[in-house]
Amino acid sequence: MAPAAVLAQSEPAPPSAAAPPPAPAPDAGAASTPDAVPAADTAPDRLTTRSQKAAADAGKSLQALRAQADAENVEDVQLADFKAQSDDVDLQLTAILADLNQRVEQIQARLKELGEPPKEGQPPEAAVVTEERERLTVERTELTATGSEINHIVAGARELSGKITEQRRRLFSATLLKHTELSPGVFIDAGSAFIDEIGTFTATLAGWLAFAWKFKKLQFLGAVVLSFGAALLFLAGGYRFFGRMVKRDLAMESPPFITRLSFAFWSLIVQTFSLSAFLASTFFFLVSFNVLRPDIAPVLGALLGMIWVVVFVARLSGLVFAPLHPNWRLIRMSNRGARRMYWLTLLMAVINGLDYVLAEISEVLNSPVVLTIAKSLIASVLIGVILLLMSFMKPLLAEDRDPDSPGRPWPRGFPLLLRAAGVALILAVLAGYVGLARFAATQIVLTGALVVTMYIGILSGKAVGKQGAFARTSVGRYLTGRYRLSEVALDQIGLASGLGIYAVALVFGVPMILLTWGFQIQDIQAAAYRLFTQISIGSISISLIGILGGILLFLLGYLGTRFAQRWIDRNVMARSQVDLGVRNSVKTGIGYLGMGLAAVVGISAAGIDLSSLALVASALSVGIGFGLQNIVSNFVSGLILLVERPFKVGDHVVTGTTEGIVKRISVRATEIETFRKQSIIVPNSDLINAAVGNWTHRNRIQRSEVPVSVSYETDPQQVIDLLMQIASEIPEALRNPEPHVEFLRFGASSLDFELRFHLADMNDGLAVRNRVRMEVLRRFREAGIEMPFPHQDINVSGTVFTARQGRQPHPMPQPIPPAQPETLPEDEGK
């Protein structure tokens, strides 16, 4: 049975229609015994049945796979599929084993709770406990036996997988190192067979075309039209998204290297995928419309593959060597060297492609083996000769940087590498190892082209990721003009773009190189599956897909939380005219709740056992308690502030030496902005444990005071009446409580009054008080009320005079003449 069937058998069976009878209630004597096993424990009965059935089906599947793998003339593609099926059986049975072991652990724990049966002479236990112990013991025995059987089948599956791997290795080595005796007779036979093959293939192809045009005309034309439509769709889509990257300005005299690299990489990727879409859709539609015959389909597939390889190599060579556009050349070569390298590289691709097409034709027509050997021999020798010709070229740019000047030779060591590769191909052919030479020639063409493509992609990603480089690209300039992005944002986008280009180059190149080296698609799929799902570090198994899925779920939860915060704040809280502080508290609480749930879901989806984290947390709880006590204290204090709300965002608070407006309340600290626009971060524990003054806790009403001083000659009642009149004309002043004037004191040089009134919003206090002061000054001047300056009396030798300080509006007093000295009694006789 196929692994899919085994998986289907391992799915949980639907609940039975007939429910098991309920367990009898324990009697009074069993009141101290453990509780009966919960109803969910009846599910392991179905687990045992499913496991046994899955083991039986897996055993049959492995037996069939062994028989198919041992058959004669089995091909590598089939062996790869057999290995994939064997590995699937291994994975499925391993998962079942995990479930069995988990159930056995549950049974062990339950038996430990029930305890040992009473010994002779001890009081008997309740019948329900004895029955449960016996049932669990029987179930444990069955599970152990089933697990042992599954372990044996898993070992067989792994043994079969290793055997198939070794069989594929021997088959590859035998095909690659097969020796052929070369003689003149081989070439004579190959020549006559080639002439016969040409006639046979011509007749076969003509017959198919006549049949398709006569009986399948509509299907044939429909397949061609649909394939062209698919190609145009992919091509238009590629130019739609990457149009700026696959266009070059030929008028540029010296385009930057990053521009040349980006154009080469993206134009190659877009055009290659467009060509692949056209060729694949052509073959798919021809097969789907039943136009191709079994003897034509393999030949057409090989021909389409050859077209792809030739076009890909031609486009890559045209981008690297740029024979017609020296300014866009990626390698410093002379014009003549670039042209020769372009045509020689393209010739190698054509020769290698023709070899495979002709080999496919020979296989379809059952041509003699000597004909295939002769074709591969000629192709390998020609590629070797081309490599030797390349080694003697002088294609590099001259010292004077003139592309039309004669070039310089290759760097030291590179010609030897080319000559060694060319000579090795020719010697392998002469030694009779034509298969090895053919394989090496193919890798030189295909692997070389793919490695160059990956290298261009890596260089492009490196160039784009450099600091400040992305801002100079066309995409960077477009984003700057469209979204007004800063240099830092553009640099971060460039870094992410560089990593993305790395990923594209690797994802595109590595599987293609593996395919050219003989790996099958099943091998790549299995390796990718193991890489993303079964990375083992000791006894811990890490799943990259699970981790990525957990991160994705966390991001979705985060975005959903932010959306819920904005929606509730704008549509519920704002429309209900809820206070700003309440809105902020609700928004913050929703954020913490959503982030916590998103973190739990993401960690669970990533495959991380939360119970393990609980064990680690309990082991570190003492250290966390001492080392992070301040953080925990601030966290708890922040929660108290959000719930109790002694102050809220927008309040005017005073704490210690800090006074300002609350801007943000988080779980660790509160941000207060002073009136000088300085942000002060105050730990929440300081706000909980210290006195905090809140000017706007209940409301925003504030009393404003305007002190006024007048001279002693002024009538106090006149001052009070004027101030009350001014207060009544203030539109912002509240009438309840009403304004009043306080006669404060008899000052040293003035009578001191204070106008007091209340404002609905304390933020208006500065502007209102300024207007009141200016109005008081104007009214007092009109009424002739003097606002005196401070003065003091100074006694000098018994003479009294007044010294006025400061500037005053009325004329300065005349200077006091110097005091005459008084005649003392003791001087009268002199």
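Reference entry: report on the structure contained in this document. (Residues numbered from 1 in each chain as written. Predicted model: local features only at pLDDT ≥ 70, side-chain atom pairs only at ≥ 80, totals over all residues. Heavy atoms only, no water.)

Focus: the nonpolar core
And then number 1: Core analysis: the biggest nonpolar cluster contains 81 residues, and Phe312, Ile383, Met390 and Ile456 have the highest contact counts within it.
And then number 2: If you list the elements that add at least two residues to this core, you get α5 (184-215), α7 (257-288), α8 (297-321), α9 (335-364), α10 (369-391), α11 (414-430), α12 (434-465) and α14 (487-516).
And then number 3: The element best represented in this core is α8, accounting for 16 residues.
And then number 4: Once residues within four sequence positions are removed from consideration, Ile383 is found in contact with Met348, Ile351, Asn352, Leu425, Ala441 and Val445.
And then number 5: Core analysis: the next-biggest nonpolar cluster, separate from the first, contains 29 residues, Ala69, Leu100, Ala126 and Leu160 among them. (Core = buried A, V, L, I, M, F, W, Y, C linked by side-chain atoms within 4.5 Å. Buried < 20%, exposed > 50% of the residue type's maximum accessible area, 1.4 Å probe, protein only. Helix = DSSP H or I, 4+ residues; strand = E, 2+ residues; numbered from the N terminus. Contact = heavy atoms within 4.5 Å.)

Quick notes on the packing of α7 against α14
When two helices pack together, their arrangement is given by the angle between the helix axes and by the axis-to-axis distance.
And then number 1: Packing of α7 against α14 leaves a shortest axis separation of 12 Å and a crossing angle of 45°. Considered as vectors, α7 and α14 are oriented oblique to each other. Read as a crossing pair, α7 and α14 show a hand that is left-handed. Judged by residue contacts, Phe265, Trp266, Ile269, Thr272 and Phe273 of α7 engage Ile501, Val504, Ala505 and Phe508 from α14.
And then number 2: Classifying every residue of the contact of α7 with α14 by side-chain character gives eight nonpolar, one polar and no charged. (Axes fitted to C-alpha atoms, helices over the stretch in contact; angles between N-to-C directions. Parallel < 35°, antiparallel > 145°, perpendicular 65-115°, else oblique. Left-handed = near helix turned anticlockwise from the far one by under 90°. Nonpolar A, V, L, I, M, F, W, Y, C, P; charged D, E, K, R; others polar.)

Examining the layout of surface pockets
And then number 1: Space inside the second largest pocket adds up to approximately 1,100 Å³.
And then number 2: Considering the residues around the second largest pocket, the lining is formed by 36 residues, among which Phe414, Leu418, Ile444, Gly448 and Val452 are closest to the centre.
And then number 3: Listing elements by their share of the lining of the second largest pocket, those giving two or more residues are α7, α8, α9, α10, α11 and α12.
And then number 4: Considering each element in turn, the lining of the second largest pocket owes the most residues, twelve residues, to α12. (1 Å grid on protein atoms, 1.4 Å probe; cavity = no way out; pocket = protein on both sides within 12 Å on 5 of 7 lines; lining within 4 Å. Points joined across faces, edges and corners; volume = space filled by probe spheres on them.)

Remarks on α12
And then number 1: With 32 residues, α12 should cover 46 Å at 1.5 Å per step; its first-to-last C-alpha distance of 45 Å lies within 8% of that length.
And then number 2: Roughly 25° is the biggest bend found in α12, and it falls at Gln443. (Expected span 1.5 Å × (residues − 1). Bend = angle between axes of the 7 residues up to and from the residue.)

Here we look at unusual backbone geometry
And then number 1: In this structure, Pro737 follows Asn736 across a cis peptide bond, with omega equal to 0°.
And then number 2: Structurally, Pro737 can be placed in the loop between α22 (716-728) and β9 (740-746).
And then number 3: If you check the backbone angles, Asn366 has positive phi at about 55° while not being a glycine.
And then number 4: With respect to the helices and strands, the residue Asn366 is situated in the loop between α9 and α10.

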